[in-house]
Protein chains: 4
Amino acid sequence: MIFDKHNVEGETRVNVCGVTFGGSELIIIAGPCTVESRGQMLETALAVKEAGAKFLRGGAFKPRASPYSFQGLCSEGLAILAEAREKTGLPVVTEVLDTAQVAEVAAVADMLQVGSRNMHNTALLKAVGASGKAVLIKRGMSATLQEHLLAAEYVLNAGAREVVLCERGIRTFENALRFTLDLSAVPLLKERTWLPVLVDPSHATGRAALVPAMARAAVACGADGLMMEVHAHPDQALCDGEQSLSPEMFNKAIIELRAVAKAVGRIV
Amino acid sequence: MIFDKHNVEGETRVNVCGVTFGGSELIIIAGPCTVESRGQMLETALAVKEAGAKFLRGGAFKPRASPYSFQGLCSEGLAILAEAREKTGLPVVTEVLDTAQVAEVAAVADMLQVGSRNMHNTALLKAVGASGKAVLIKRGMSATLQEHLLAAEYVLNAGAREVVLCERGIRTFENALRFTLDLSAVPLLKERTWLPVLVDPSHATGRAALVPAMARAAVACGADGLMMEVHAHPDQALCDGEQSLSPEMFNKAIIELRAVAKAVGRIV
Amino acid sequence: MIFDKHNVEGETRVNVCGVTFGGSELIIIAGPCTVESRGQMLETALAVKEAGAKFLRGGAFKPRASPYSFQGLCSEGLAILAEAREKTGLPVVTEVLDTAQVAEVAAVADMLQVGSRNMHNTALLKAVGASGKAVLIKRGMSATLQEHLLAAEYVLNAGAREVVLCERGIRTFENALRFTLDLSAVPLLKERTWLPVLVDPSHATGRAALVPAMARAAVACGADGLMMEVHAHPDQALCDGEQSLSPEMFNKAIIELRAVAKAVGRIV
Amino acid sequence: MIFDKHNVEGETRVNVCGVTFGGSELIIIAGPCTVESRGQMLETALAVKEAGAKFLRGGAFKPRASPYSFQGLCSEGLAILAEAREKTGLPVVTEVLDTAQVAEVAAVADMLQVGSRNMHNTALLKAVGASGKAVLIKRGMSATLQEHLLAAEYVLNAGAREVVLCERGIRTFENALRFTLDLSAVPLLKERTWLPVLVDPSHATGRAALVPAMARAAVACGADGLMMEVHAHPDQALCDGEQSLSPEMFNKAIIELRAVAKAVGRIV
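The structure presented is a predicted model; accordingly, all values stated were derived computationally and were not measured.

A. Focus on the overall build of chain A. Of regular secondary structure, chain A possesses nine helices and 10 strands. For chain A, whose C-alpha radius of gyration is 17 Å, the value lies close to the compact-globule estimate of 18 Å for 268 residues. Here chain A, with 268 residues, has 65% of them falling under the buried criterion. Summarising the internal contacts of chain A: among those between residues at least 6 apart in sequence, 67% fall at separations of at least 24.

If you want it as structure tokens, here you go:
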């Protein structure tokens, strides 16, 4: 397997537009769950950059359980993301839901995200792997770690080299939170693969108040970075507002993370 | 919601090429996991027809965990399925993995299957819903029943009317079998929706020896039909041979099912 | 292992007070979740006997999640169970929660129940196994089948010979019902052990309306009997009224079960 | 509820023999899974004390899945624990499996442990709560956090005041490790209760190599202490050797923990 760390020699860090995943610096990807408007995205993007984020996130195409829920601004959202990148200088990752969207999204995004609901979508994995773009693969909500690695293998086998994994919580009987964040996945994946491993504490917990603590835990056990939801005005969010940090909360979380990162020999 | 049985009046049965799902007759869909060769498919198709199957199944495009596993015969497999339909007179259901395949598959299949790994693939759900074909939606391996129904809603909302649900086992801590068949889903779904509910005991258990018992249980609790894997020569199967019934086992299973079906006022 | 069917010769049925588990007759154990009063228990006991139950159930000591919930009538409940047995002629199974209660409960009950919450309580398993009484062991809510069998091994190894297993649902992510009834456990356990296997559809589903369907399914896949909650007046139940059948519902369920049982070569 | 932090005023730390749980100092409980011999226990106890442990652990009575597995040295094990306490000056926590053992174990131990398999054993919870001893309650392997808190409520309601919770992993579909450590439980429990919250990364992961990382993560997200398995010679362990740290590994882990603890304003 290409993902296997025992099969690789030399450089194993992943570079995307000058951002290095897997090195001593922890990479914080931040932004809103969904691009809702030009104002919301730009305000949030500038705020997260100032706080220390190195990558922007924001959904233009949203995979919603119900067909009647807001499905994202789609192409208009992509244009806003492009402007946010230009204004901040930060590269952008955004989700792609279908093979037919890959070219359109790849024209704007620096990194394509395969979301949890599509981790087993092998056609999409092949397409993003052949797109020439970096790829971030979220763990399926009931995917084993082996399946997560094999999803990466589909992408690697299709030609991609800049591939990053992201733990985001699994489905269990515990219903106090949206998902159960499986942080043991971090050291376990790091044993097996050279691929950088990120953690998304926002989707896992679904509650902003718990995100900073779980972000610290992720860093403490070896995560190479974090994916965090920040919204300029969480109480006005169209989607997942409960799990979004305000810029102030995000700023405070980053400061706390710096101390933990230093304790494990990393920097933020 | 369109799926809601309380919102519908009149006829709620689903007719596909003369086969009626949701009526007093239980519909048995049978065939190999994967179309492996012309000989294997035709031999199996004739055998399952003779035993009482009303619909053929067979995978041309296979979603495999590893990119290095056999991915199906693809277009060649579709042609073989078309021949099997012609030879047997039975309609065909086969899985479609990507929006880009919908037209090609719809040109051959009578019913498009959205597999467990794609149940959350909203782009695909919309595309199959707009294809003009009947659609069979397998439950995601960690999907709640509400999410299964909402997946159907995507398909219905896109224009389809012939939609069928299929329970196929969920991921749990129990590892004695591949999945845990959640038969309580059958009466629970029937309370909420007018959509017919099938059960696939083959993928759920992963072991041929347990399939007949779980098929009987499915019928006893109200399933409208079954999806069963049959292979003319299970010991030679390229994929999932352990869970495939031989034609003899299938024939015996159908005979047993007839008795149980009669006990609950249905016929096979 | 003593439980292993490959290690046993000759008779493998389990006889308790003239009731034979594991033979061609399906054994229905019925009664209220909890003994609430003399009137409630006696009325229910007579009703279930008339409908065809062969064994009475009723909790005197209840394992409740909260210390402030009703914990059962305790010794008074045992006395009522003794009277119910006398009045109906049916043997009684009731739960024992602690080694210190074994002698007291064994003085009244014909069969001691180890509940789901105590399936891993090895001290209790040893004590009931040495009590000289028959033992019914419910599956722990997150116990593997292997662990369920090993719990039985504790009881068998302590000297008991009349031991019966009972599937009652496991914890999974699906929260539409209390537990996920794992019916595949039935044929799987029957492959491995000579111990009779019962199913409790009442606790598994937590909803009376689904109990008859799941009872039929249990019988169809090979269960040797059922454990069902019946309450003379479910709307007045102190505990688990939502999952209790009324005598009328129970009577109807038994009639339906007779047809399914016959279809699989059993009688009720 | 007594456990509720909103119902308590004043001091909420838990003091046991001079060790304070819930204060700024993180409490490390360490020792072997099982007391195997006098030499093994004393050697391990001295080593963990030197490395910084504040409390000793060691099982005298072991809850094993099979009745034929080693069940612990029982009373002899308790005597060895007493000697280890005397030699090191560290207080001792050990598991009690049955109400009939409470007095015997309480005569030796400073803190009684209710293990994961007995978390729902309400008779035992009441008995340890009335014993006059401090109590450590491990989360059941499929217990919700609410059930974990209610188990504590049984103990508190029976009279105990020195009660500590311990997260130790839950059962999920992921089978790469023994259990899935649910670290989100830490900040969530801390929101709801004044009870100190520990984490046991040894049982959760089942692999020594992952224990230090998960211990760091536990501290980073707010755990009040850790329970870690250390064995003087892990390769000779009778039970759970794979998850035991050697004294050298433990010493190194503590040093790493000190840095993380400091980063979150705690000390080890």
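B. Representation of the relation of the copies chain C and chain B. Mapping chain C onto chain B leaves a residual RMSD of 0.0 Å; the transformation is a rotation of 180° accompanied by 0.0 Å of translation along its axis. Such a combination of rotation and displacement between the chain copies is what one expects of a two-fold axis. For chain C, the smallest separation between a C-alpha atom and the rotation axis is recorded for A217 of chain C, amounting to 2.0 Å. The share of interface residues of chain C whose copies in chain B are also at the interface is 100%, consistent with both copies meeting through the same surface.

C. Broad picture of the sheet that holds strand β3 (residues 27-31) of chain C. All names here are of chain C. With respect to topology, eight strands assemble into a closed barrel ordered β3-β4-β5-β6-β7-β8-β9-β10, the strand pairing being parallel. Neighbour-to-neighbour, the strand axes of this sheet turn through a mean angle of 25°, independent of strand direction. Bridge count for β3 against strand β10 (residues 225-229) is five bridges, and the pairing is parallel. Paired with G31 across the strands is E229, a residue of β10.

D. Quick peek at unusual backbone geometry. Of note, the phi angle at C74 of chain A is positive, near 55°, even though the residue is not glycine. Among the secondary structure elements, C74 of chain A is positioned in the loop between β4 (55-57) and α2 (75-88).

E. Region of the structure containing the sheet that holds strand β3 (residues 27-31) of chain A. All names here are of chain A. One closed barrel accounts for eight strands, arranged β3-β4-β5-β6-β7-β8-β9-β10; its pairing is parallel. For this sheet the average axis-to-axis angle between neighbouring strands, irrespective of direction, equals 25°. Bridge count for β3 against β4 is two bridges, and the pairing is parallel. Counterpart to I29 in the pairing with β4 is F55. Sheet strands in contact with α2 are β4 and β5 (92-95), and its direction is about 165° off that of β5. The strands that helix α5 (residues 145-157) touches are β7 (134-138) and β8 (163-167); relative to β8, the one it contacts most, it runs at about 160°.

F. How the structure looks around the interface of chain A and chain D. Counting from both sides, the interface comprises 31 residues of chain A and, opposite them, 31 residues of chain D. Residue assignment for the side of chain A that touches chain D shows that the elements contributing at least two residues are α6 (185-192), α8 (211-220) and α9 (247-263) of chain A. Per element, the largest residue contribution to the side of chain A that touches chain D is six residues, and it comes from α8 of chain A. Its residues placed into classes, the side of chain A that touches chain D shows 20 nonpolar, seven polar and four charged.

G. Region of interest: the interface of chain C and chain B. Across the contact, 31 residues belong to chain C and 31 residues belong to chain B. Where the side of chain C that touches chain B is concerned, the elements lending two or more residues are α6 (185-192), α8 (211-220) and α9 (247-263) of chain C. Take the side of chain C that touches chain B: its biggest share by element is six residues, from α8 of chain C. When the residues that make up the side of chain C that touches chain B are grouped by side-chain class, the tally is 20 nonpolar, seven polar and four charged.

H. Highlighting the pairing of strand β7 (residues 134-138) of chain B. All names here are of chain B. The buried fraction of β7 is high, at five of five residues. Neither face of β7 is left uncovered, since the one carrying A134, L136 and K138 and the one carrying V135 and I137 both have all their residues buried. Two strands pair when backbone bridges link them, and strand β6 (residues 111-114) and β7 are joined in this way by four bridges, in the parallel orientation. Residue V114 lies in a different strand from β7, and its bridge partner there is I137. Handedness of the crossover is the feature at issue here: the chain leaves β6, passes through helix α4 (residues 122-129), returns alongside β7, and the resulting connection is right-handed. Bridging between β7 and strand β8 (residues 163-167) involves four bridges; their strand directions are parallel. Opposite L136, over in β8, you have V164 as the bridge partner.

I. Expanded view of helix α6 (residues 185-192) of chain D. Most of α6 of chain D is tucked away: six of the eight residues are buried. Considered for burial, the residues of α6 of chain D that qualify are A185, V186, P187, L188, L189 and K190 of chain D.

J. Up close: the confidence of the model for chain A. When pLDDT is averaged along chain A, the result is 96, and 100% of the positions lie at 70 or above. Of the two predicted TM-score estimates for the complex, the pTM is 0.97 and the ipTM is 0.96.

K. Molecular detail of the pairing of strand β6 (residues 111-114) of chain A. Residue and element names in this part refer to chain A. Across the two faces of β6 the burial is the same, with M111 and Q113 and L112 and V114 all buried. Note: β5 against β6, three bridges, orientation parallel. Across the sheet, residue E95 finds its bridge partner in β6, namely Q113.

L. Structural view of the packing of helix α1 (residues 38-51) of chain B against helix α9 (residues 247-263) of chain B. Residues and elements named next belong to chain B. Taken N-terminus to C-terminus, the directions of α1 and α9 make an angle of 20°; their axes are 9 Å apart at the nearest point. In terms of orientation, α1 and α9 fall into the roughly parallel class. In the packing of α1 onto α9, the handedness of the crossing is right-handed. The residues of α9 that touch α1, namely those facing A47, V48 and A51, are P247, F250, N251 and I254.

Procedures and definitions
- Residues numbered from 1 in each chain as written.
- Chains lettered and ligands numbered in written order.
- Predicted model: local features only at pLDDT ≥ 70, side-chain atom pairs only at ≥ 80, totals over all residues.
- Helix = DSSP H or I, 4+ residues; strand = E, 2+ residues; numbered from the N terminus.
- Rg over C-alpha atoms; globule rule 2.2 N^0.38 Å.
- Buried ≥ 20, exposed ≤ 12 C-beta atoms within 10 Å, placed from the backbone.
- Contact = placed C-beta atoms within 7 Å.
- Least-squares fit on C-alpha atoms with pLDDT ≥ 70 in both.
- Pairing = 2+ DSSP bridges.
- Axes fitted to C-alpha atoms, helices over the stretch in contact; angles between N-to-C directions.
- Nonpolar A, V, L, I, M, F, W, Y, C, P; charged D, E, K, R; others polar.
- Right-handed = clockwise from strand over helix to strand, strands pointing away.
- pLDDT = per-residue confidence, 0-100.
- Parallel < 35°, antiparallel > 145°, perpendicular 65-115°, else oblique.
- Left-handed = near helix turned anticlockwise from the far one by under 90°.

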